[in-house]
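Commentary on secondary and tertiary structure
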Protein chains: 2
Amino acid sequence: MGQEIAESLGVLLRRTTRTQLHRRLTEGMGEALDETTYPVLSALARTGPRSAADLAPEVGIDRSGVTRRASRLEEAGLVRREPDPGDRRAQLLVLTEQGRQAVAELRTRLADRIADALAGWPPGEAEAFARHLHRFTTDGPFG
Amino acid sequence: MGQEIAESLGVLLRRTTRTQLHRRLTEGMGEALDETTYPVLSALARTGPRSAADLAPEVGIDRSGVTRRASRLEEAGLVRREPDPGDRRAQLLVLTEQGRQAVAELRTRLADRIADALAGWPPGEAEAFARHLHRFTTDGPFG
DNA sequence: TATTGTTATACTCTATAACTATA
DNA sequence: TATAGTTATAGAGTATAACAATA
């Protein structure tokens, strides 16, 4: 059983698993939105307006990387920068209306893919899997 | 439910999730064995002796990358190169005894981490999760 | 003194292209 | 002609270090 999970993790954690999924999700959504900028846009949608420093651990890169990716998204009109009212050193990254639309499209695409994958599963198993996977990513062998 | 899976996938597919796990697994096992060479060693153990070209898709990089990583493992004595008896163009990458010992240690470490993560789960749920995760990585939204 | 965003720099890792040898 | 391994090269992406502004 542990061996089966180890094998599955091996596939999931492959570099190509991530890049290929993100590349397909962002396909045709403009030059600025690719597997590099996707995690920033996605994290921003998940957490709401954030500074680059706050977003960095969420995305798994440092603040200079967030700045660079955010600049690409800003040029494309998906993100804008606003001064943080509570800290004049900081800039908040905020989704524009166009950015929100892009996130909605990305979420739909991902949801469709997941639904397709689970379509043939026996009743109840998909729900159980969702719960288990969430628990595993939270308490799993990653900390 | 799809949303819950999407969130979990977001965590699993983070670049840092992979590198940190592999970094911890290989900790203290010599300079040649790190998060870069781990997937090659692991794939070799899983599939048996293979050429660089055959191993490339398994690892998710191209054959030049496999060659480079294999050379590091060879220098450290974990892998050796043998001529392929069936094709004189090819070189088979083979685990040495030291390489097999390293793989055994890595498997133990990963199994321990997984077992720790599942220790508190209700009876039967871990087994179900293992089956579901395997199915999901096989038929999932990645192809 | 510490932390912010940003930029420039150095480093790591990768794919691409070339080469020779063999199928 | 195509494919093997290998090497050199160029590209992408990253962390590190520095900077001025603000806490």
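All values reported here derive from a predicted model rather than from experimental measurement.

1. Section: helix 2 (residues 15–25) of chain A
Every buried residue of helix 2 of chain A is accounted for by A:T16, A:T17, A:R18, A:T19, A:L21, A:H22 and A:L25. Packing partners of the buried residues in helix 2 of chain A comprise helix 1 (2–12), helix 3 (38–47) and helix 6 (97–118) of chain A together with helix 2 (15–25) of chain B.

2. Section: the interface of chain B and chain A
In this complex, chain B contributes 47 residues to the contact, which on the side of chain A involves 47 residues. Around 4900 Å² of area is buried between chain B and chain A when both sides are counted, 68% of it from carbon and sulfur atoms. Counting across the interface, chain B meets chain A through 2 salt bridges. Note that B:R135 is salt-bridged to A:E125, the shortest N-O span being 3.1 Å.

3. Things to note about the protein's contact with DNA strand D
Around DNA strand D there are 21 residues in total, and A:D62, A:R68, A:R69, B:R63 and B:R81 lie nearest to it. Backbone atoms, meaning sugar and phosphate, form 61% of the atoms of DNA strand D found within 4 Å of the protein. Taking B:A53, its main chain carries an N or O atom lying 3.1 Å from a phosphate oxygen of DNA strand D. One of the side-chain N or O atoms of B:R63 is found 2.5 Å from a base nitrogen in DNA strand D. For the surface near DNA strand D, the elements supplying multiple residues, two or more each, are helix 5 (63–75) of chain A together with helix 4 (52–59) and helix 5 (63–75) of chain B. Residue contributions to the surface near DNA strand D peak at 4 residues, all from helix 5 of chain A.

4. Here's the deal with the relation of the copies chain B and chain A
The two copies are related by a screw motion: chain B maps onto chain A through a turn of 180° and a shift of 0.0 Å along the axis, at an RMSD of 0.0 Å. When the rotation and shift are considered jointly, the pair of chain copies conforms to a two-fold rotation axis. Both copies share a contact surface, since 100% of the interface residues of chain B are interface residues in chain A too.

5. Some remarks on the protein's contact with DNA strand C
Every one of the 21 residues lining DNA strand C counts as a neighbour, but A:R63, A:R81, B:D62, B:R68 and B:R69 are closest to it. Here the atoms of DNA strand C within 4 Å of the protein split so that 62% fall in sugar or phosphate, with bases taking the remainder. At 2.9 Å from a phosphate oxygen of DNA strand C is found a main-chain nitrogen or oxygen belonging to A:A52. A:R89 has a polar side-chain atom sitting 3.0 Å from a base oxygen of DNA strand C. Where the surface near DNA strand C is concerned, the elements lending two or more residues are helix 4 (52–59) and helix 5 of chain A together with helix 5 of chain B. If you tally residues by element for the surface near DNA strand C, the top one is helix 5 of chain B, at 4 residues. Looking at the surface near DNA strand C, its residues break down into 4 nonpolar, 6 polar and 11 charged.

6. Quick look at the side chain of B:T137
Among the secondary structure elements, B:T137 is positioned in helix 7 (residues 125–139). A distance of 2.9 Å separates the side chain of B:T137 from the backbone oxygen of B:H134, its partner in a polar contact. Non-local contacts of B:T137, meaning those with residues more than four positions away in its chain, are made with A:S8, A:V11, A:L12 and B:F142.

7. With respect to the UniProt feature "domain: HTH marR-type" (unreviewed entry) in chain A
UniProt feature "domain: HTH marR-type" (unreviewed entry): in the numbering of this structure it lies at residues 6–138 of chain A. The span residues 6–138 of chain A shows a helical share of 64% and a strand share of 9%, and its end C-alpha atoms are spaced 17 Å apart.

The rules behind each value
Sequence order as written defines the numbering, with residues in each chain counted from 1. Each chain gets a letter, beginning with A, and each ligand a number, beginning with 1, in the order they are written. Given that the model is predicted, a residue must reach a pLDDT of at least 70 before its local features are reported, and side-chain atom pairs must reach 80 or more before they are shown or counted; all residues, however, enter totals for whole chains, interfaces and linings. Water and hydrogen atoms were dropped before computing side-chain values, which therefore reflect all heavy atoms in the structure. In this scheme, a residue with accessible area under 20% of its type's maximum is buried, one over 50% is exposed, and one in between is partly exposed, where area comes from a 1.4 Å probe on protein chains only. Each helix corresponds to a stretch of at least 4 residues labelled H or I by DSSP, and each strand to a stretch of at least 2 residues labelled E; elements are numbered beginning at the N terminus. Contacts: residue pairs with any heavy atoms within 4.5 Å of one another. Put simply, buried area is how much 1.4 Å-probe accessible surface two parts lose in total, over both of them, once they are put together. Every case where a carboxyl oxygen of Asp or Glu lies within 4 Å of a side-chain nitrogen of Lys or Arg is listed as a salt bridge. The near set for a molecule or strand comprises every residue that places at least one heavy atom within 4 Å of it. Whenever a nitrogen or oxygen atom comes within 3.5 Å of another N or O atom, the pair is scored as a polar contact, on the condition that within protein one atom can donate a hydrogen and the other can accept it, and that pairs from neighbouring residues in sequence are kept only if both atoms are in side chains. Copies are brought into register by a least-squares superposition over C-alpha atoms of residues with pLDDT of at least 70 in both. Amino acids outside the nonpolar list (Ala, Val, Leu, Ile, Met, Phe, Trp, Tyr, Cys, Pro) and the charged list (Asp, Glu, Lys, Arg) are all regarded as polar, and Gly is one of them. UniProt positions are given in the numbering used here, feature names are shortened, and annotations may be inferred rather than shown by experiment.

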